[in-house]
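In case you want the letters, here they are:
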Amino acid sequence: MKPTKVIIDCDPGHDDAIALLMAHRMPEVDLIGVTTVCGNAPLERTTANCLRIMELLGATGVPVAAGCVTPLGRPLVLGTADGPSGLDGSPYLPEPTMELQKEHGVDFLARLLREAEEPVVLVPTGPLTNIGMLLLKYPDVRAKIARIVLMGGAFYRRDEYITPTEFNIFCDPEAAAIVVESGLDITMVGLDVTMKVLVEEPQFEAIGAIGTDLSKIVLDWLRYYEKLHRGQMGVGGALHDPLALAVAIDPTLIETRNAFVQIDRTGTHTFGATVADYWNLEGQPDNVKVASKVDADRFFEMLYTSLR
Ligand code: RIB
Ligand code: CA
């Protein structure tokens, strides 16, 4: 089977780092480019982290371009899940020697899509600023976007770990609105499923047993990430972004419900929330496939395989 052409737009970020790792290591994926965005840390940090991660992976042949430095319509509110550097607790990663593309990430995305022989799968794992700007500035590239599988949103309030908003959408709701209103094939992999793929002791043991250099570094990242998450939410480290990448390759990992989704941009306590109209009360066509269930065991097997 031919590998799927993928572009990841990310804000590394411990979980973004593992999404990049899986994309690079999985034979089913042809990672043709990476763009960075502000979010977990300021742009120059997420970009520096991205180059370090790509170099660590030996993925220096994959071009990386830096995108937007702030959200489209509001100041940057930093994520808190990765420490000030965006990759705290990781073993010291040497200064990258890998060159950053000269183009702005949005122009780079447009060029890559225009040059691609067939439509490409976009996997945004940070705020949607670059993707929103891409759709505004280069509407022609829509034809070269096969589908968007993004990490973002929170829809079902089944348990106390699902907050009213999810960071990637909250950070740039204007960009998220452009994306969900685009009419493109969009799958939202939100907290409803990503909070079901948590790294805790059993996963640490499984990764520890792999014993490769890569698995040892990932274990370092995840031990720090889990500690931060446990301090904030009392649960293990959720592998938000790696799940979005895995779903882009194997959509059977999740169950989805089609819905008309809107982004709350005026709420006081729900500002940035993703609101799904499952009963079609608004009489609008469905615009998003919302992830509702996940096969966590199969996802972790995919992660472990990529580490071996
Ligand atoms: O809410 C989870 C998202 O926010 C993930 O993409 C994580 O990397 C952080 O950016
Ligand atoms: Ca992210």
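Before reading further, recall that the structure is shown in the block above.
Residues numbered from 1 in each chain as written. Chains lettered and ligands numbered in written order. Predicted model: local features only at pLDDT ≥ 70, side-chain atom pairs only at ≥ 80, totals over all residues. Heavy atoms only, no water.

Residues and numbers for the packing of helix H1 (residues 14-25) against helix H2 (residues 43-57), please.
In contact at an axis separation of 10 Å, H1 and H2 are set at 35 degrees when each is read in the N-to-C sense. H2 is crossed by H1, and the crossing has right-handed handedness. Taken together, the residues of H2 that come into contact with H1 (itself represented by Ala17, Leu20, Leu21 and His24) are Cys50, Ile53, Met54 and Leu57. Broken down by class, the residue content of the contact of H1 with H2 amounts to seven nonpolar, one polar and no charged. (Axes fitted to C-alpha atoms, helices over the stretch in contact; angles between N-to-C directions. Helix = DSSP H or I, 4+ residues; strand = E, 2+ residues; numbered from the N terminus. Left-handed = near helix turned anticlockwise from the far one by under 90°. Contact = heavy atoms within 4.5 Å. Nonpolar A, V, L, I, M, F, W, Y, C, P; charged D, E, K, R; others polar.)

Tell me what's going on with the pairing of strand E4 (residues 120-124), and back it up with residues and numbers.
Among the five residues of E4, five are classified as buried, and the element is accordingly described as predominantly covered. The alternating pattern of E4 places Val120, Leu122 and Pro124 on one face and Val121 and Val123 on the opposite face, and all of these are buried. Here strand E1 (residues 4-10) runs beside E4; their pairing, made up of four bridges, is parallel. Note that in E4 the partner of Ile8 across the bridge is Val123. Both E4 and strand E5 (residues 145-151) contribute to a ladder of three bridges, which runs parallel. By the bridge assignment, Val121 is partnered in E5 with Arg147. Considered for its hand, the β-α-β crossover made up of E4, helix H4 (residues 129-137) and E5 is right-handed. (Buried < 20%, exposed > 50% of the residue type's maximum accessible area, 1.4 Å probe, protein only. Pairing = 2+ DSSP bridges. Right-handed = clockwise from strand over helix to strand, strands pointing away.)

Break down the site of ligand 1 for me, with residues and values.
With respect to spatial proximity, the complete set of residues near ligand 1 consists of Asp11, Asp15, Asp16, Asn40, Thr125, Met151, Glu166, Phe167, Asn168, His240 and Asp241. Note that an oxygen atom of ligand 1 is positioned 2.9 Å from one of the backbone N or O atoms of Thr125. Contact between ligand 1 and Asp241: an oxygen atom at 2.6 Å from a side-chain N or O atom of the residue. When the free accessible area of ligand 1 is taken as 280 Å², the share hidden by the protein chains comes to 93%. Looking at the shell around ligand 1, the elements that each hand over two or more residues are H1, helix H5 (167-171) and helix H10 (240-249). (Near = heavy atom within 4 Å. Polar contact = N/O pair within 3.5 Å; in protein donor to acceptor, adjacent residues only side chain to side chain. Areas by Shrake-Rupley, 256 points an atom, 1.4 Å probe, with all protein chains shown as cover.)

Describe the sheet that holds strand E9 (residues 254-263), naming the residues involved and giving the relevant values.
Pairing is mixed in the open sheet, where nine strands are placed in the order E3-E2-E1-E4-E5-E6-E11-E9-E10. Taken across any chain shown, the strands that pair with only one partner, and hence form the sheet edges, are strand E3 (64-66) and strand E10 (274-277). On average, adjacent strands in this sheet sit at an angle of 30 degrees to one another, irrespective of strand direction. Where strand E6 (residues 186-189) lies against strand E11 (residues 288-294), two bridges are found, and the strand directions are parallel. Opposite Met188, over in E11, you have Val290 as the bridge partner. Of the strands in this sheet, E1 and strand E2 (29-36) touch H1, which is tilted by about 165 degrees from E1. Running at roughly 150 degrees to E5, H10 makes contact with E1, E2, E4, E5, E6, E9 and E11 of the sheet.

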